[in-house]
Amino acid sequence: MSADIIKGKELAHKLKEEMSKEVLFLKEQGLVPHLTVILIGDNPASKSYVNGKKKASGETGISSDVIEMGVSTSEKELLMKIQELNNDPSVHGILVQLPLPEHIDEQHVIEAISPAKDVDGFHPINIGRMITGEDTFLPCTPYGILTMLKSYDITIEGKHAVVIGRSNIVGKPIGQLLLNENATVTYCHSKTTNLIDFTSKADILIVAVGRPNAIREEHIKDGAAVIDVGINRLEDGSLTGDVDFDAVSEKASYISPVPRGVGPMTITMLLQNTIKAAKGLSK
Ligand code: GUN
């Protein structure tokens, strides 16, 4: 068997086209969705992610700006800037690019952003709403994964979903979203013993490990849907995921590639959240 490839990039493109139409409609009503991104310091990976967000916003007609602050910015200065943006009615979405320099407490920053402008979906209020199944801003990577599964008509209800990874950004929330969709969810992580005992029973396997080839053919149940969230840069500069793509695609029924899989969907869902914020749908 050879798996169907879940083409995140194509799906992202289609969703962005639909969003462009919606943004045009909102602009005709005098509403211009606006995203403000704060970038602290000069981490090259963060800069590149922020550029990607700015570019994708522009392609969809969403207006955006990037506030760059020096690496020695104090936590207080950053919190004051966030307060200013919270109070600015022309700013609908606020995103502080992570990670932050060590002297700034990430949680203080996340909690300072108004939940109504928290397009990352990281604020504890929005996480709480996600857990109770209320309509809210969903964290972008898990939201993108869920959208991929649904777009490919992959059944979630009643299936056994195994999530490898328990970060606040990916692992924990994707498990919760799959549970909300009536999957039976197992979390695995770095302290799990006999990982294969769990992965080999997964109908849906979400892999967020951060290591190339961490998941191989022997980990996979026949016919599983495998979503690779890993982004690893190899010595030759190329990108690869956490899954041995060639071998696993012989056994799985669906597989998402890296690149052109989850990555493009993450940014797309950020735009979706920004439009939602502009429309005032999540307070
Ligand atoms: N750094 C890596 N991923 C993310 C993300 O989804 N949001 C923010 N704010 N920072 C990140």
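Note that this is a predicted model, so its numbers are computed, not measured. (Residues numbered from 1 in each chain as written. Predicted model: local features only at pLDDT ≥ 70, side-chain atom pairs only at ≥ 80, totals over all residues.)

Novice: How should I be thinking about the sheet that holds strand 11 (residues 254–255) in this particular structure?
Specialist: Note on sheets: strands pair through backbone hydrogen bonds, and any given pair is parallel or antiparallel. Ordered in space as 1-11-8-7-5-6, the six strands form an open sheet in which the pairing is parallel. The two strands at the open ends of the sheet, each matched to only one other strand, are strand 1 (4–5) and strand 6 (184–188). The pairing of strand 8 (residues 225–228) with strand 11 spans two bridges and is parallel. Residue pairing in the sheet places Val 226 in a bridge with Ile 255 of strand 11. (Pairing = 2+ DSSP bridges. Helix = DSSP H or I, 4+ residues; strand = E, 2+ residues; numbered from the N terminus.)

Novice: Looking at this structure, how should I read the UniProt feature "domain: Tetrahydrofolate dehydrogenase/cyclohydrolase NAD(P)-binding" (unreviewed entry) in the protein chain?
Specialist: What UniProt calls "domain: Tetrahydrofolate dehydrogenase/cyclohydrolase NAD(P)-binding" (unreviewed entry) maps, in this numbering, to residues 139–279. Across residues 139–279, the secondary structure splits into 34% helix and 17% strand, with the terminal C-alpha atoms separated by 18 Å. (UniProt positions renumbered as here; feature names shortened; annotations may be inferred.)

Novice: Where do I start with the domain arrangement of the protein chain in this structure?
Specialist: Many analyses report the size of an interface as the accessible area lost when the parts associate. For the protein chain, the assigned domains are domain 1 (29–114) and domain 2 (139–263). Averaged C-alpha coordinates put domain 1 and domain 2 at centres separated by 29 Å. (Domains from an automatic or database assignment.)

Novice: Is there a simple way to explain the pairing of strand 7 (residues 204–207) in this structure?
Specialist: If a strand is regular, its side chains alternate between the two faces of the sheet. Because side chains alternate across strand 7, one face comprises the buried residues Ile 204 and Ile 206, and the other comprises Leu 205 and Val 207, equally buried. Taken together, the four bridges between strand 5 (residues 160–164) and strand 7 define a ladder with parallel strand orientation. Looking across to strand 7, one finds that Ile 164 is bridged to Val 207. Where strand 7 and strand 8 come together, four bridges link them in parallel fashion. Counted as the bridge partner of Ile 204 is Ala 225 from strand 8. (Buried ≥ 20, exposed ≤ 12 C-beta atoms within 10 Å, placed from the backbone.)

Novice: Any chance you could explain the nonpolar core here in plain terms?
Specialist: One finds Ile 206, Val 207 and Val 226 to be the most contacted residues of the largest nonpolar core, which totals 75 residues. Split by domain, this core shows at least three residues from each of two domains, domain 1 (29–114) and domain 2 (139–263). With residues up to four places along the chain from it excluded, the contact list for Val 226 reads Leu 205, Val 207, Ile 220, Val 243, Val 248, Ala 252, Tyr 254 and Ile 255. (Core = buried A, V, L, I, M, F, W, Y, C linked by C-beta atoms within 7 Å. Contact = placed C-beta atoms within 7 Å.)

Novice: Even after reading the chapter, I still don't get the site of the ligand, so can you show me in this structure?
Specialist: Around the ligand, the surrounding shell consists of Leu 95, Val 96, Gln 97, Leu 98, Asp 120, Cys 140 and Ile 169. Residue composition of the shell around the ligand, by class: five nonpolar, one polar and one charged. (Near = placed C-beta within 6 Å. Nonpolar A, V, L, I, M, F, W, Y, C, P; charged D, E, K, R; others polar.)

Novice: How do you make sense of helix 5 (residues 124–132) when you look at a structure like this?
Specialist: Side chains that are three or four residues apart share a direction in an α-helix, a result of its 3.6 residues per turn. Those residues of helix 5 that fall on the buried side of the exposure criterion are Asn 126, Ile 127 and Met 130. Looking straight down helix 5, one finds its buried side chains confined to an arc of 105°; they lie on one side. The exposed set on the far side of helix 5, more than 90 degrees from its buried face, consists of Pro 124, Gly 128 and Thr 132. Summarising the contacts, the buried residues of helix 5 are in contact with helix 7 (171–180). (Arc of directions from axis to C-beta.)

Novice: I tried to follow the UniProt feature "domain: Tetrahydrofolate dehydrogenase/cyclohydrolase catalytic" (unreviewed entry) in the protein chain on my own but got confused; where do I start?
Specialist: Those residues carrying the UniProt feature "domain: Tetrahydrofolate dehydrogenase/cyclohydrolase catalytic" (unreviewed entry) are residues 6–120 in this numbering. Between the first and last C-alpha atoms of residues 6–120 the distance is 24 Å; the span itself is 50% helix and 16% strand.

Novice: In this structure, what is going on with the sheet that holds strand 2 (residues 34–40)? I would like to understand it.
Specialist: In space, the three strands of this open sheet follow the order 3-2-4, with parallel pairing throughout. Either end of the sheet is taken by a strand with one partner, and the two such strands are strand 3 (63–69) and strand 4 (93–96). Within the sheet, the average angular offset between the axes of one strand and its neighbour, ignoring direction, is 15°. Judged from the four bridges that link them, strand 2 and strand 4 form a sheet pairing that is parallel. Of the residues in strand 4, the one forming a bridge with Val 37 is Leu 95. Packing against the sheet, helix 2 (residues 44–60) makes contact with strand 2 and strand 3, and its axis sits at approximately 170° to strand 2. With respect to the sheet, helix 3 (residues 75–86) is in contact with strand 2, strand 3 and strand 4, its orientation differing from that of strand 2 by roughly 175°. (Axes fitted to C-alpha atoms, helices over the stretch in contact; angles between N-to-C directions.)

Novice: Got a minute to help me understand the packing of helix 1 (residues 8–28) against helix 10 (residues 262–278) in this structure?
Specialist: Describing two packed helices takes the angle between their axes plus the distance from one axis to the other. The interhelical angle for the contact between helix 1 and helix 10, taken along N-to-C directions, is 20°, at an axis separation of 9 Å. Looking at the two axes, helix 1 sits roughly parallel to helix 10. Handedness of the helix 1/helix 10 crossing: left-handed. Across from Gly 8, Lys 9, Leu 11, Ala 12, Leu 15, Lys 16, Met 19, Glu 22, Val 23 and Leu 26 in helix 1, the residues of helix 10 making contact are Val 262, Gly 263, Pro 264, Met 265, Thr 268, Leu 271, Gln 272, Ile 275 and Ala 278. Each residue belonging to the contact of helix 1 with helix 10 can be placed in one class, and the counts come to 12 nonpolar, four polar and three charged. (Parallel < 35°, antiparallel > 145°, perpendicular 65-115°, else oblique. Left-handed = near helix turned anticlockwise from the far one by under 90°.)

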